[in-house]
Amino acid sequence: MRAASALTALTLVFGAVSCNPSDGVPGPDSTVLGEEGDQGEDVVDPVASTPQPIFEPNEAVLNVAIAEPATLDPLRISDAGAVLIARQLFEGLTRWDPVLEKVKPAAAESWTASRDGTAFAFKLRPGMTFHDGSPVTSKHFALAFDRIALKSNASDLAYTLERVAGFDAMNRSGTASHLSGISTPDDLTLVIRLSEPYHDFPVVLTHPALVPVPRVASTDLDEFLTNPVGNGPFRMAQEWSPGSSVLLRAYEGFIQTPELDGIRFLAYPDAAGSWVDFVKGDLDVAEVPAGQVQDAERRFGADHFVPFLKSEYVGINVTSPALRNEKMRKAINFAIDRRRIANSVFKGTLQDPRGIIPAGLPGFQENLCVKLCDFAPDRAKALVREIPKKDRSVTFSYTQGPPINKLAQLVRRNLENVGLKVKAKRYQFPAYLRLLQSKEQETYRLGWFAEVPTPDVFLDPLFRSTSSDNHSGFASRKVDALLAQAHRAPNAGKRLALYIEAEKAILRSAPVVPIGSFVSRWAVQPDVQDIAFDVMGGFDATEVDLAND
């Protein structure tokens, strides 16, 4: 399964539209009443027609700064704000435990897997309901998955289901309207068959889009878009329209009743825009702007600075004549000053590289890339001197726009300082994608974001020889075999050992320059209790509480 390619600069949770918080908008209980035979005049109930507050002053309501979500429909959620909201509205089959670093039951109370990792049977929790009180059944999961995989829906999240049997017929050729690998023997049993072994599939199901949806999502999409009905710990408190805040109220019918009474998700243009309101105390949770990291750590602590599953690399096309020489690839690795890039380009949001797999994932090794990732310009110069002069030229390709322009300048300067001749070529994003697909690039900027927490989403797409996302041209029978063995291994410990061995083998050939992995930095007011941020860039609000309420 491929991860989400992030070839442009890191986007924080913020988008581009600002909205002021307000509970004084018409809610579901705000109506104008009229009676037949009323002498031709509407009889107005002054109480019903007056906008009522969604939350009472004494209720525990968490105020969270986000970007304006583009949609709340799981079919299309992609921006960080929408993902954070979806995690409160919906509950998928499985959930990721960031402390134990393992997948655990959620809407499914248990599951079994075939020995070869090609079939999974999930047993749903009895009594689970949607927010309208209707029961959640296995058919609602089947409906949701079909909806994402259907070719005509053109969901960017369809790749999450690409290993399910029947995916090609449904998503690529468009000859089917149902995933043949999904069956529902009864209301509480969901069976998923895969087209290839993949024991990490329950981890894939932690993706916030892979959640059940009621029939209205297909029969009345307009209604579902403004008032999505989920099965999670919070429900919509009022209808939502783009540009407005998203207000959620605790759903008492959930497995565990939330401590909070509600959540206000308030949109800001960027982290800097929300920071003033956070410092004033008008917000409970906000992301720290890059320029405020030290001040935020001093005033609010660093307990909520956590790894984020996005890494930055310089890719190396090993099939390019200039880069077939391993000495050249290692010289490039030694030449690049990663610490300076982290500090001057990414302003402290990037931490030093340890390898291909970022911190926060199972299988992360603290010192895996120490030798290759050292900033050692003298060693780089020595290697360059061993390369014929005619082969000391290289092109660095990248996407246009800050901060990547500055990244390109530093990379170019680093490489020139060790004796290489460098041409930097800047592209608009669509042209850049075409370049990578053509395999004509030499060195190139690459960002990679994992939407599910398994090492495989960094190793398999980027380095398996037959992957469409393998832009480096790296091909190794040993690495392919190790990844295939990991996919087939029922034991989680054995899978991790195989992933680590594969990562070591990749680094020995140096088809990539690990620059670093990102950190999400959140600030939280002192009265917010039991909030735990995770490597997916957000949190689950079920256990969050406010001390003063």
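What you see is a predicted model; the values in this text were computed from it and never measured.

Chemist: What should I look at first to understand the overall build of the protein in this one?
Modeler: Summing up its helical and strand segments, the protein has 18 helices and 20 strands in all. The globule rule puts the C-alpha radius of gyration for 549 residues at 24 Å, and the 25 Å found for the protein is close to it. In the structure as shown, the protein presents an accessible area of about 23100 Å², 48% of it carried by carbon and sulfur atoms. If the 58 positive side-chain charges of the protein are averaged to one point and the 68 negative ones to another, these points end up 18 Å apart.

Chemist: When you look at a negative patch on the surface in this model, what are you seeing that I'm missing?
Modeler: Taken together, Asp220, Asp222, Glu223 and Glu239 make up a surface patch of like negative charges. Along the chain, glutamate 223 turns up in helix 7 (residues 221–226).

Chemist: Which parts of the structure should I look at to understand the nonpolar core?
Modeler: Looking at soluble globular proteins, one finds that nonpolar side chains tend to be buried together. Within the largest apolar cluster, 73 residues are counted, with the highest numbers of intra-cluster contacts made by Leu62, Phe145 and Ile192. Looking at which element gives the most residues to this core, the answer is helix 3 (residues 138–149), with seven residues. Ignoring sequence-local partners within four residues, the contact set of isoleucine 192 consists of Thr118, Ala119, Phe120, Phe122, Phe145, Val164, Gly181, Ile182, Phe201 and Leu205.

Chemist: Would you explain the pattern of salt bridges in this entry?
Modeler: Oppositely charged side chains can form a pair if their charged atoms are brought close together. Overall, the coordinates contain 23 salt bridges when judged by the stated rule. A salt bridge links aspartate 187 to lysine 139, with the shortest nitrogen-to-oxygen separation between them at 3.8 Å. Residue aspartate 187 is located in the loop between strand 7 (182–186) and strand 8 (189–193), and its partner lysine 139 is located in helix 3; the two are separated by 48 residues in the primary sequence. When its relative accessible area of 42% is taken as the criterion, aspartate 187 is described as partly exposed. Residues participating in the shared-partner salt-bridge network are Arg87, Asp534 and Asp540.

Chemist: Mind showing me how you'd approach the packing of helix 17 (residues 477–488) against helix 18 (residues 492–509) here?
Modeler: Each pair of packed helices can be described by the angle between their axes along with the distance between the axes. With their axes 8 Å apart at the nearest point, helix 17 and helix 18 run at an angle of 165° to one another. If you check the angle between helix 17 and helix 18, you find them roughly antiparallel. Here helix 17 runs over helix 18; the crossing is left-handed. Together, Lys478, Val479, Leu482, Leu483, Gln485, Ala486 and His487 of helix 17 and Arg495, Leu498, Tyr499, Glu501, Ala502, Ala505, Ile506 and Arg508 of helix 18 make up the contact between the two elements. For the contact of helix 17 with helix 18, the residue count by class is nine nonpolar, two polar and four charged.

Chemist: I tried to follow helix 18 on my own but got confused; where do I start?
Modeler: Residue pairs three or four apart in sequence face the same way in an α-helix, which turns once every 3.6 residues. Counted at 1.5 Å a residue, the expected span for helix 18 with its 18 residues is 26 Å, and the 27 Å between its end C-alpha atoms agrees. Three or more residues of helix 18 are buried, namely Arg495, Leu498, Tyr499, Ile500, Ala502, Glu503, Ala505, Ile506 and Leu507. In this structure, the buried residues of helix 18 make contact with helix 12 (370–373), helix 16 (456–463), helix 17 and strand 18 (512–524). Taking the backbone nitrogen of glycine 493 as reference, a side-chain oxygen 2.9 Å away marks asparagine 491 as the first, capping residue of helix 18. In the stretch just after helix 18, alanine 510 is the one whose phi turns positive, near 55°.

Chemist: Any chance you could explain a positive patch on the surface here in plain terms?
Modeler: The grouping of Arg340, Lys347, Lys406 and Arg413 at the surface amounts to a positive patch. Topologically, arginine 413 is positioned in helix 14 (residues 404–417). For arginine 413, a relative accessible area of 38% corresponds to the partly exposed category.

Chemist: Where do I start with the sheet that holds strand 5 (residues 108–113) in this structure?
Modeler: Ordered in space as 5-6-8-7, the four strands form an open sheet in which the pairing is antiparallel. Since the sheet does not close on itself, it has two edges, and those belong to strand 5 and strand 7, each with one partner. Between one strand axis and the next, the sheet turns by 20° as a mean value, whatever way the strands run. With five bridges connecting them, strand 6 (residues 119–124) and strand 8 associate as antiparallel partners.

Chemist: Looking at this structure, how should I read the environment of phenylalanine 463?
Modeler: Checked against the element boundaries, phenylalanine 463 lands in helix 16. As for phenylalanine 463 and valine 512, which are separated by 49 residues in sequence, their C-alpha atoms are 9.8 Å apart.

Chemist: I keep staring at the environment of alanine 489 and nothing clicks. Help me out?
Modeler: Mapped onto the fold, alanine 489 is located in the loop between helix 17 and helix 18. The buried category is assigned to alanine 489, whose relative accessible area is 8%. Considering only alpha carbons, one finds alanine 489 and glycine 262, 227 residues apart in sequence, at a separation of 42 Å. Apart from the residues lying within four places of it in its own chain, the contact partners of alanine 489 are His199, Lys494, Arg495 and Leu498.

Chemist: Help me understand the side chain of serine 397 in this model?
Modeler: Structurally, the position occupied by serine 397 is in strand 15 (residues 393–399). Looking at serine 397, the relative accessible area reads 2%, which means it is buried. In this view, serine 397 contacts Lys425, Tyr427, Tyr432, Leu435, Thr443, Tyr444 and Arg445; residues no more than four positions away in its chain are not counted.

Chemist: Before we go on, may I ask you to explain the state of the cysteines in this structure?
Modeler: Here is the idea: a disulfide is a covalent bond, and it sits between the sulfur atoms of two cysteines. Counted by the stated rule, this structure contains one disulfide. Here cysteine 369 connects covalently by a disulfide to cysteine 373, the sulfurs 2.0 Å from one another. Taking the sign of the S-S torsion, 70° for the link of cysteine 369 and cysteine 373, the bridge is right-handed. The buried category is assigned to cysteine 373, whose relative accessible area is 11%.

Chemist: What is the right way to read the confidence of the model for the protein from this model?
Modeler: For residues with low pLDDT, the predicted coordinates do not support detailed interpretation. Considering every residue of the protein, the mean pLDDT works out to 89; 90% of them sit at 70 or more. This model gives residues 5–51 a pLDDT under 50, and the stretch forms 96 contacts once residues within four places in sequence are excluded.

Chemist: Honestly, unusual backbone geometry in this entry has me stumped. Any pointers?
Modeler: Note: most peptide bonds trans; most residues except glycine with negative phi. The step from proline 402 to proline 403 runs through a cis peptide bond, and the omega angle for that step is 0°. Looking at where proline 403 falls in the secondary structure, it is placed in the loop between strand 15 and helix 14. In this structure, glutamate 101 takes a positive phi of about 55° despite not being glycine. Position of glutamate 101 relative to the elements: it lies in the loop between strand 3 (94–97) and strand 4 (102–105). Not every positive phi belongs to a glycine, and alanine 154 is a case in point at roughly 50°. Residue position: alanine 154 is located in the loop between helix 3 and helix 4 (167–172).

Cut-offs and rules
Residues numbered from 1 in each chain as written. Predicted model: local features only at pLDDT ≥ 70, side-chain atom pairs only at ≥ 80, totals over all residues. Heavy atoms only, no water. Helix = DSSP H or I, 4+ residues; strand = E, 2+ residues; numbered from the N terminus. Rg over C-alpha atoms; globule rule 2.2 N^0.38 Å. Areas by Shrake-Rupley, 256 points an atom, 1.4 Å probe, with all protein chains shown as cover. Lys, Arg positive; Asp, Glu negative; His and termini not counted. Charge placed at Lys NZ, Arg CZ, Asp CG, Glu CD. Patch = residues over 30% accessible without salt bridge, like charges linked within 9 Å, V, L, I, M, F, W, Y side chains within 5 Å. Salt bridge = Lys/Arg side-chain N within 4 Å of Asp/Glu carboxyl O. Core = buried A, V, L, I, M, F, W, Y, C linked by side-chain atoms within 4.5 Å. Buried < 20%, exposed > 50% of the residue type's maximum accessible area, 1.4 Å probe, protein only. Contact = heavy atoms within 4.5 Å. Axes fitted to C-alpha atoms, helices over the stretch in contact; angles between N-to-C directions. Parallel < 35°, antiparallel > 145°, perpendicular 65-115°, else oblique. Left-handed = near helix turned anticlockwise from the far one by under 90°. Nonpolar A, V, L, I, M, F, W, Y, C, P; charged D, E, K, R; others polar. Expected span 1.5 Å × (residues − 1). Polar contact = N/O pair within 3.5 Å; in protein donor to acceptor, adjacent residues only side chain to side chain. Pairing = 2+ DSSP bridges. Disulfide = S-S within 2.5 Å. pLDDT = per-residue confidence, 0-100.

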